[in-house]
Amino acid sequence: MNTYDRLYNLAKEIDARVAAIERAAENGRKLPLVRNIGAGLGTVTVAGSGSLVSIELDRDALRTQTGASLAGHVLRAIRDAESAASTRRDAMITEASGRRES
């Protein structure tokens, strides 16, 4: 194989890997993530990008909470979901790139 063919094949491989990474990043942004709110209060949903989509609360479970405790549980669940979405998206990109985390 001559130098031109090797470079051409390398360029094709790079293009394919870049396309795979772009697909993984897009898929990671699109996939929603649902997390339970502590104390059985409900769920929070974030987009794959980490932005808040919804908060579903269980009316019966709310009766056992104060405003401050409810706020704390919901805030922790949102932060957890945002972090998990980011971690999942990064893992998808890493997997698509063929790299391994060190």
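That block above? That's the structure.
Conventions and cut-offs
Residues numbered from 1 in each chain as written. Predicted model: local features only at pLDDT ≥ 70, side-chain atom pairs only at ≥ 80, totals over all residues. Heavy atoms only, no water. Phe/Tyr/Trp six-rings, centres within 6.5 Å; stacked < 30°, edge-to-face > 60°. Helix = DSSP H or I, 4+ residues; strand = E, 2+ residues; numbered from the N terminus. Buried < 20%, exposed > 50% of the residue type's maximum accessible area, 1.4 Å probe, protein only. Core = buried A, V, L, I, M, F, W, Y, C linked by side-chain atoms within 4.5 Å. Contact = heavy atoms within 4.5 Å.

### Focus on the packing of aromatic side chains
Step number 1: Evaluation of the coordinates by the stated rule reveals 1 aromatic pair.
Step number 2: Between tyrosine 4 and tyrosine 8, the aromatic rings sit 6.4 Å apart at their centres with planes inclined by 20 degrees, giving stacked as the arrangement. In this pair, tyrosine 4 and tyrosine 8 are both assigned in helix H1 (residues 3–30), 4 residues apart and thus about one turn of the helix distant.
Step number 3: Looking at tyrosine 4, the relative accessible area reads 60%, which means it is exposed.
Step number 4: When its relative accessible area of 45% is taken as the criterion, tyrosine 8 is described as partly exposed.

### Things to note about the nonpolar core
Step number 1: In terms of nonpolar packing, the biggest core is built from 12 residues, these being Leu33, Ile37, Leu41, Val44, Val46, Ala61, Val74, Ala77, Ile78, Ala81, Ala84 and Ala85.
Step number 2: Secondary structure elements with two or more residues in this core: strand S1 (33–37), strand S2 (42–46) and helix H3 (67–97).
Step number 3: Filtering out sequence-adjacent residues up to four positions away, leucine 41 remains in contact with Glu56, Leu57, Asp58, Ala61, Leu62, Gln65, Leu70 and His73.

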